[in-house]
Amino acid sequence: MRKKIVAGNWKMNLSKEEAIQLYKEIDAKRKTISLKSTLIVFPPFIYLDCLKSFNLDIEIGVQNFYPEEKGAFTGEVSVSQIKNMGATYTLIGHSERRMYFHENHEFLKLKVEAALKHGLHIVFCCGEPLEIREENTQNKYVKKQLVESLFHLSEENFKKITVAYEPIWAIGTGKTASSSQAEEMHAAIRGFISDKYSKNVAENCSILYGGSCNPTNAAELFACENVDGGLIGGASLKSEDFLKIANSF
Ligand code: PGA
């Protein structure tokens, strides 16, 4: 059975005290319900060490890293440094990094390689901007993102990837993809993986939805056959909302 995952992308939010409080609240509240999903949080990098020191049963990941081992890359952190701090997951390919930091297919491929080399689990984000959706060429656009940065991987390595479909027009806008739009794209992504690798690999790959997912719409989205959870931005900053979403299967 595919793994169900609900992940919180905290982006560049929260003071250290707020981050600690949120992390502890998530842990306390999850103990009062029986969750079917794995929880991951992606805090700002600087809180990693501190959150990890509480030793709670919530996976911690990073939002970013630089794909070189070490050296003169002022301001950057390497995969071995973040592994050393206790991160087990990383986001790669988030649209905000593609857009604001100009991370292109080739660079994302390097990040994928570096993360795999050090045994970090990858949540690989893909998704189209509004103009592409309006042209109705979103499947081709998303396929290219997967082909260019992931489909060079061996089957064995591809099995370590979780995909997150995040239509850019739905991120932080309050406009969620409808469950049929999400299901259609998730099924298409599973088809691309099946064509490239095998039906079995595709069937076992978790594909998350992201983009204004909240406690009100999560159950309908998660009920879709090919939606295996969510990558949650805004609604992951409140423990109650995050847990309601995680409990929506
Ligand atoms: P949102 O962000 O839930 O605030 O739309 C999702 C994301 O960017 O991962």
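Preceding this paragraph is the structure being described.
None of the values given here were measured: they were computed from a predicted structure.

Chemist: I'd like a rundown of the packing of helix α7 (residues 138–149) against helix α9 (residues 179–196), residues and numbers included.
Modeler: Helix-helix packing is characterised by the crossing angle of the two axes and by the distance between the axes. It is at 10 Å that the axes of α7 and α9 come closest, and there the two elements cross at 45 degrees. Taken together, the axes of α7 and α9 are oblique relative to one another. Two packed elements cross with a definite hand, and for α7 against α9 that hand is right-handed. Facing Gln-138, Asn-139, Val-142, Lys-143 and Leu-146 of α7, the residues of α9 in contact are Met-185, Ala-188, Ile-189 and Phe-192. Grouping the constituent residues of the contact of α7 with α9 by class yields six nonpolar, two polar and one charged.

Chemist: Summarise the environment of Ala-235; cite the residues concerned and give the values.
Modeler: Residue position: Ala-235 is located in the loop between β8 (229–232) and α12 (239–246). Of the residues examined, Ala-235 reaches a relative accessible area of 14% and is grouped as buried. Remark: the alpha-carbon pair of Ala-235 and Trp-10, spanning 225 residues in sequence, is separated by 9.2 Å.

Chemist: I'd love a proper account of the sheet that holds strand β2 (residues 38–42), names of residues and values included.
Modeler: The strands that make up a sheet are held in pairs by hydrogen bonds between backbone atoms, and each pair lies either parallel or antiparallel. Here eight strands make up a closed barrel; going around it, the order is β1-β2-β3-β4-β5-β6-β7-β8 and the pairing parallel. Within this sheet the neighbouring strands show an average axis-to-axis angle of 25 degrees, counted without direction. Across two bridges, strand β7 (residues 207–210) lies against β8 in parallel orientation. The residue of β8 that forms the bridge with Gly-210 is Leu-231. Strand contacts of α7: β5 (121–126) and β6 (161–165), with the helix running at about 145 degrees to β5, the strand carrying the most contacts.

Chemist: Kindly report on the packing of aromatic side chains, identifying the contributing residues and their values.
Modeler: Tallied over the full model, the rule gives seven aromatic pairs. Between the aromatic rings of Phe-151 and Phe-158, the centroid separation amounts to 5.9 Å while the plane-to-plane angle is 70 degrees, which identifies the pairing as edge-to-face. Summarising the burial analysis for this pair, Phe-151 and Phe-158 share the class buried. For the ring pair Phe-151 and Tyr-197, a centre distance of 5.7 Å and an interplane angle of 85 degrees mean the geometry is edge-to-face. Within this pair, whereas Phe-151 is found in the loop between α7 and α8 (155–158), its partner Tyr-197 is found in the loop between α9 and α10 (199–204), the two being separated by 46 residues in sequence. For the cation-ring pair, Arg-97 lies above Phe-101, with the distance from its terminal atom to the ring centre recorded as 4.1 Å.

Reading guide: rules and limits
Residues numbered from 1 in each chain as written. Predicted model: local features only at pLDDT ≥ 70, side-chain atom pairs only at ≥ 80, totals over all residues. Heavy atoms only, no water. Axes fitted to C-alpha atoms, helices over the stretch in contact; angles between N-to-C directions. Helix = DSSP H or I, 4+ residues; strand = E, 2+ residues; numbered from the N terminus. Parallel < 35°, antiparallel > 145°, perpendicular 65-115°, else oblique. Left-handed = near helix turned anticlockwise from the far one by under 90°. Contact = heavy atoms within 4.5 Å. Nonpolar A, V, L, I, M, F, W, Y, C, P; charged D, E, K, R; others polar. Buried < 20%, exposed > 50% of the residue type's maximum accessible area, 1.4 Å probe, protein only. Pairing = 2+ DSSP bridges. Phe/Tyr/Trp six-rings, centres within 6.5 Å; stacked < 30°, edge-to-face > 60°. Lys NZ or Arg CZ within 6 Å of the ring centre and 35° of its normal.

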